[in-house]
Amino acid sequence: MTLKDQLDKIRQERKEDIKDVGDLKKLDSLRVELLGKKGPITQALRGMRDLPADERPKFGQFANSVRDELQSAIETRRDELKKAMLNKQLQNEKIDVTLPGKPVAQGQPHVIQQIIDQIEDLFIGMGYQVLSGPEVEEDKYNFEMMNLPKDHPARDMQDTFYITKEILMRTQTSPMQARTLEKHDFSKGPLKMISPGVVYRRDTDDPTHSHQFHQVEGIVIDKHITMADLKGTLELIAHELFGNRFDIRLRPSYFPFTEPSVEADITCFNCGGKGCAVCKYTGWIEVLGAGMVHPNVLEMAGVDSEVYGGFAFGLGPDRFAMLKYGVDDIRNFYLNDVRFLNQFSKKG
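Note that the structure is a prediction, hence the values are computed from the model and not measured.

## What to know about the packing of helix H1 (residues 3–20) against helix H2 (residues 24–35)
Helix packing geometry: the angle between the two helix axes and the distance between the axes. Running from N to C, H1 and H2 point in directions that differ by 165°, and their axes come no closer than 10 Å. With respect to their mutual orientation, H1 and H2 come out roughly antiparallel. Viewed along their axes, H1 and H2 form a crossing whose handedness is left-handed. On H2, the residues touching Arg14, Asp17 and Ile18 of H1 are Leu27, Leu30, Glu33 and Leu34. Taken together, the residues that form the contact of H1 with H2 break down as four nonpolar, no polar and three charged.

As C-alpha cells, then:
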C-alpha cells in the first residue's frame, strides 16, 4: 500500500472516529493523535524523501489537504459538542418566569432616627441650621464654655467617660453651640441652629436610663429674643411630634447655661390630662429642658451679652419615642429585635 493510499484510509476512518467522539477532552486527545508531531500525517510527510523527486510536490499537496480536512472535521465536532453542552446547561438552569417572585424585605429607619428626622425637618423649615460635632470632645467646650467650671457641683450630674483630664466623651451636644457661637458673624444675621447626636454618661442601664443615648439641642441668638419666643418654639415642637391636642406648660428649673431656666411638660398622652399612673396622677409629662442663654455663655464665646440674647433647649429623641409610643423600657430600642422595631412605620 502506497503512502497516498495509507493517508486516504486514515482520512476516511478517522473522520468517522471524529464524528463519534462524545466530549471535548477526548476530541482534543484525538486531535493530538492525528495532527501532532507523532501523528500519521507528520510521519507520511517525513517519508516523502523516499519518493521520486517528481512525485513529492503532488504527495505533499495531498497530505496537506488530508490534514486540513481532518482539522476542519475536528473544529466542526468541537462546535457541535460546545453547543450541546450549552443547551444542556440552559435546560438544567432555566427559570420559569411565570412563577411568583420571592418578596424582598425592605428596611426602614430606626424609630429614634425617625424622630430625629422629624425634628430636623421641622427646624429646617423654620430656617435653622443642622450641625453635628465630635463625640470625643474637649472639657473646655463640653463644660467650661457651658458655664460649668471644673469645681461646679452640677458636673456630678453629668459624670462621663474621660479619655484624658481634658478629653472626654461628650455628655451633651451643647459643645457644638459654643463652637458655633465662637465663629458666627452676627452682622450677617442671627444664629439659629440645632445639633443632634449621640451623648455619653456613666449611668447604670435600666428601663429609663442608658449610658449612651441621643440628644437634640438648639439655640437661637439675636437681638430682642424673649421667653415668649422660646415658649412658642416649644409649643410647635410638642404639636409637631405629639399632636395639637396636647398642651404645654413651663416650670421653673435650673441649668448652669441658661437663666432663667424651665422644664417643659406636655399633657399626658395616656390620660389626656386627667391623671394616671403614667403621669403620676399630675396630668403632665416632662419632655425637655430649656431657658434663656446665660450671659456668661455668650461672653465666653466672644458675644456681647448686652446686645445679644437668646434661648436654648435640649430634648431626648429616645425619651420622645418612649412617650410617643408608650414604650416602658429604653433598652428595647437598642436590642435590635426586628419584631419590636417593625411596629414603627416609616412615617413615625
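After that view of the structure, there is still more to cover.
## A look at the pairing of strand E5 (residues 212–222)
If a strand is regular, its side chains alternate between the two faces of the sheet. Here E5 lies mainly inside the structure; nine of its eleven residues are buried. As judged from the ten bridges shared by strand E4 (residues 191–200) and E5, these two strands associate in the antiparallel manner. The residue bridging Ile194 from the neighbouring strand is Gly218, located in E5. In terms of strand pairing, E5 meets strand E9 (residues 309–315) through seven bridges, oriented antiparallel.

## A few points about the pattern of salt bridges
For the structure shown, the criterion picks out 13 salt bridges. Glu75 is paired through a salt bridge with Arg78; the nearest N and O atoms lie 2.9 Å apart. With Glu75 and Arg78 both in helix H4 (residues 56–93) and three residues apart, the pair spans about one turn of that helix. In this structure, Arg249 engages Asp265 in a salt bridge whose closest nitrogen and oxygen atoms are separated by 2.9 Å. Of this pair, Arg249 sits in strand E6 (residues 248–255) while Asp265 sits in strand E7 (residues 258–267), placing them 16 residues apart in sequence. Residue Arg249 is classed as partly exposed on the basis of its relative accessible area, which comes to 30%.

## A look at the sheet that holds E6
Overall, mixed pairing links the seven strands, which are arranged E1-E4-E5-E9-E8-E7-E6 in an open sheet. Both edges of this open sheet fall to strand E1 (129–130) and E6, since each of them pairs with a single strand only. Two strands pair when backbone bridges link them, and E6 and E7 are joined in this way by seven bridges, in the antiparallel orientation. Pairing of Arg249 across the sheet is with Asp265, part of E7. Lying over the sheet, helix H5 (residues 111–125) contacts E1, E4, E5 and E9, oriented at roughly 170° with respect to E4. Of the strands in this sheet, E6, E7, strand E8 (284–293) and E9 are in contact with helix H8 (residues 227–242), which crosses E9 at around 25°.

## Looking at the confidence of the model for the protein
Considering every residue of the protein, the mean pLDDT works out to 86; 99% of them sit at 70 or more. Across the protein, the element-wise mean pLDDT spans from 74 in helix H3 (residues 40–46) up to 96 in E1.

## Things to note about empty space enclosed by the protein
If you walk through the whole model with that rule in mind, you get three cavities of 30 Å³ or more. Estimated volume of the largest cavity: approximately 40 Å³. Looking at the largest cavity, the residues that line it are Met146, Gln177, Ile219, Phe257, Thr258, Val293, Val297 and Ala312. Each residue belonging to the lining of the largest cavity can be placed in one class, and the counts come to six nonpolar, two polar and no charged.

What counts and what doesn't
- Residues numbered from 1 in each chain as written.
- Predicted model: local features only at pLDDT ≥ 70, side-chain atom pairs only at ≥ 80, totals over all residues.
- Heavy atoms only, no water.
- Axes fitted to C-alpha atoms, helices over the stretch in contact; angles between N-to-C directions.
- Helix = DSSP H or I, 4+ residues; strand = E, 2+ residues; numbered from the N terminus.
- Parallel < 35°, antiparallel > 145°, perpendicular 65-115°, else oblique.
- Left-handed = near helix turned anticlockwise from the far one by under 90°.
- Contact = heavy atoms within 4.5 Å.
- Nonpolar A, V, L, I, M, F, W, Y, C, P; charged D, E, K, R; others polar.
- Buried < 20%, exposed > 50% of the residue type's maximum accessible area, 1.4 Å probe, protein only.
- Pairing = 2+ DSSP bridges.
- Salt bridge = Lys/Arg side-chain N within 4 Å of Asp/Glu carboxyl O.
- pLDDT = per-residue confidence, 0-100.
- 1 Å grid on protein atoms, 1.4 Å probe; cavity = no way out; pocket = protein on both sides within 12 Å on 5 of 7 lines; lining within 4 Å.
- Points joined across faces, edges and corners; volume = space filled by probe spheres on them.

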